[in-house]
Each structure stands twice: as structure tokens, then as C-alpha cells.
Amino acid sequence: MSLTYESTAQAPTATDGLHYHVAGDGPSLIMLHGSGPGVSGWSNFGKNLPVFAEHFRTYIFDMPGFGVSPDQEWTRPYPEHAAEALVRAMDDLGIEKAHVIGNSMGGWVTLTAALLAPERFDRLALMGPGGLYSEVFGPPQSEGARRLFEYVSAPSREGMVRWIESMVHDPAMVTDELVEERSAMAEAPGAIDRMRGILGSLGNPTDQLPLPMRLAQVTHPSLVIWGRDDRMLPLEGAFYGTRRMPRADLLALSDCGHWAQVERKHDFEQACIDFFTR
């Protein structure tokens, strides 16, 4: 796997492996984005990179099938493929061990990678993580998930607005600029088909036990960050999984939806930095 090295957070460059941005010096920190239309590592974490780069050698990856990283055939659930790709990328970059921040789908991939190669990871910050989430009290499909599948089934500007609205607590964050930026990326050639393939793969057969049944094996110090007003993965779904992780702390942020790195940017950044530098 060949990877593009970028010393500053400039425009992405495609490669035949995972694409990434990197900045800063110090202990390695990897940031993994969530899923959804128009998402990439840069769209999730680009504005957070300068802050983390003051403390860490910070890598923001486009996970397989997202951004400008290549697509592939998903024969198993997506997080298994993505976790394997992450470990290979770490090998290629000479990253022996790293902290990780994983958002939503990226949190699911983080947990899967920590189970796959536990020795390669130090501390885990999981922000509204998929996989750990369990529908304890809420309906099987949340408002955010419903709007996501509606958009992927029939893309439209109105559908994009509805999906972004479900991601945030403050409606003022749903700007025309954000909607146009995400729409352009989501409707690029092949992007919707890739998104459908990734989401569809979650039901593929696997020889692994469901992730909630393996959480007790995740012994890494973990900080689980959740927006109190998350409509994609509601807060009550955090308790079952975090109770089973031996070294997990749960931080609930008020006035915050699924994008803590945006709506509570400073508090999210400071919580992660304090956690990683203990």
C-alpha cells in the first residue's frame, strides 16, 4: 500500500492506498471520520488539525471508500476491512503505536482495530461511536439514520439539509456553504454507489462475534464522548457498551449533537488532549 505524505493540511492527493493529511510532531495520533454523504477525513476534522498538531504527530485518514481513498469489494462488514487497512497503513508509515480519535463509523473501526491489533494502540477517544451504540430505549432506526438512508436512496439538496439538521443541535450550523460543500462531494461520480455499498456491507456475514459481545476485551484507556442531543446515535445507547469496557469514561456534552468536534470544538479538543497527555 502506497500512501501520500503531506506535511501540511493542503488539498488531498489521491494514491493507490489510503489518503491522509498529517501535521505536527510528538506521539502519533490518528483521526478517523464517520460515514454519511459527502464525508471525508478533512471534512470531519480539518478544523481540529491545527490544535492537535501542537501536541501530536496527527494523521487524518480518509477511510477506504471515502474521500479520495480507493473503494474495494466489501465481502465482510465494512469495519473489519477498514480496521485491517488502518493497521496496514500504520505499518507503511512506521507508526508502531498511536492514540486514536474515532467519530461514529470511525469509532466502530477504532474498536475493531483495537481488537485486531491491541498492541498497536494506546488511548482511544470515541465520539458517538457506532458499534458500541445499542438501542436500549429508542427505536431501532434513529432520526439521523432514517434521514441518512433517505438521502442515499434518493439524493437531493432538501435531503442533504434534512440529514445535516439531524447531525447538529444548533440549526444555525446548517449553512448554505456547508450544504453545498457536502452535496458536491456526496454527488461526485460514484460517491453514492460507494456509500450504498459501505452501508449495505454492515449486514454481510462474518466469523466475528458482534462487537458489543467483545467490548470487555477492549482494555485500552478509553474516553467516550457523546452529544447529549445526538439524534443519530442517541445518548442512552452509550450506557450498555461503556459499562462493558473495563477502562472507559463517558463524557456527555450538552447543547451538542453528533458532531462534537464542531459544536463543542474547544471542549472536545481540550478533553481529548488532556486524556491523551495524562
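Preceding this section is the structure that the text describes.
Conventions and cut-offs
Residues numbered from 1 in each chain as written. Predicted model: local features only at pLDDT ≥ 70, side-chain atom pairs only at ≥ 80, totals over all residues. Heavy atoms only, no water. Core = buried A, V, L, I, M, F, W, Y, C linked by side-chain atoms within 4.5 Å. Buried < 20%, exposed > 50% of the residue type's maximum accessible area, 1.4 Å probe, protein only. Helix = DSSP H or I, 4+ residues; strand = E, 2+ residues; numbered from the N terminus. Arc of directions from axis to C-beta. Contact = heavy atoms within 4.5 Å. Pairing = 2+ DSSP bridges. Right-handed = clockwise from strand over helix to strand, strands pointing away. Axes fitted to C-alpha atoms, helices over the stretch in contact; angles between N-to-C directions. Parallel < 35°, antiparallel > 145°, perpendicular 65-115°, else oblique. Left-handed = near helix turned anticlockwise from the far one by under 90°. Nonpolar A, V, L, I, M, F, W, Y, C, P; charged D, E, K, R; others polar. Phe/Tyr/Trp six-rings, centres within 6.5 Å; stacked < 30°, edge-to-face > 60°. Lys NZ or Arg CZ within 6 Å of the ring centre and 35° of its normal.

**Focus on the nonpolar core**
Inference 1: Counting 64 residues, the largest nonpolar core has Ile 30, Phe 61 and Tyr 78 as the members making the most contacts within it.
Inference 2: Among the elements that line this core, the one with the most residues is helix α3 (residues 78–93), at eight residues.
Inference 3: Counting residues in each nonpolar core, the second largest holds 23 residues, with Ile 101, Leu 223, Phe 275 and Phe 276 among its members.

**Section: helix α7 (residues 176–186)**
Inference 1: Burial in α7 covers these residues: Leu 178, Val 179, Arg 182, Ser 183 and Ala 186. Buried residues of α7, seen end-on, are gathered within an arc of 125° and therefore sit on one face of the element. Residues Asp 176, Glu 177 and Ala 184 are exposed on α7 and point more than 90 degrees away from its buried face.
Inference 2: Where α7 is buried, its residues touch α1 (41–45), α5 (143–153), α6 (157–167) and α8 (191–201).

**Focus: the pairing of strand β7 (residues 248–253)**
Inference 1: Bridging between strand β6 (residues 222–227) and β7 involves six bridges; their strand directions are parallel. Its bridge partner being in β7, Gly 227 is matched across the sheet by Leu 253.
Inference 2: Where the polypeptide runs from β6 across helix α9 (residues 239–244) and back to β7, its parallel neighbour, the crossover connection is right-handed.

**Digging into the packing of α5 against α8**
Inference 1: The geometry of α5 relative to α8 is characterised by a closest axis approach of 10 Å and an angle of 135° between their N-to-C directions. When the axes of α5 and α8 are compared, the pair comes out oblique. Note on packing geometry: the crossing formed by α5 with α8 is left-handed. Facing Leu 148, Phe 149, Tyr 151, Val 152 and Ser 153 of α5, the residues of α8 in contact are Ile 192, Met 195, Arg 196 and Leu 199.
Inference 2: Taken together, the residues of the contact of α5 with α8 break down into seven nonpolar, one polar and one charged.

**Side note on the packing of aromatic side chains**
Inference 1: If you walk through the whole model with that rule in mind, you get 10 aromatic pairs.
Inference 2: Judged by centre distance (5.5 Å) and plane angle (50°), the ring pair of Phe 275 and Phe 276 falls under tilted. As far as burial versus exposure is concerned, Phe 275 and Phe 276 are alike and both buried.
Inference 3: Of the aromatic side chains, those joined through ring pairs into one cluster are Tyr 20, Tyr 59 and Phe 61.
Inference 4: Across from the ring centre of Tyr 240, 3.7 Å away, lies the NZ or CZ of Arg 244, which sits over that ring.

**Considerations on the pairing of β6**
Inference 1: Counting buried positions over the six residues of β6 gives six, a clear majority of the element.
Inference 2: Here four bridges tie strand β5 (residues 121–127) to β6, and the two strands are oriented parallel to one another. Pairing of Leu 126 across the sheet is with Val 224, part of β6.

**Observations regarding the sheet that holds strand β1 (residues 20–23)**
Inference 1: In spatial order, the strands read β1-β3-β2-β4-β5-β6-β7; together these seven strands make up an open sheet with mixed pairing. Edge positions in the sheet fall to β1 and β7, since each has one partner strand and no second. Neighbour-to-neighbour, the strand axes of the sheet open up by a mean angle of 15°, direction not taken into account.

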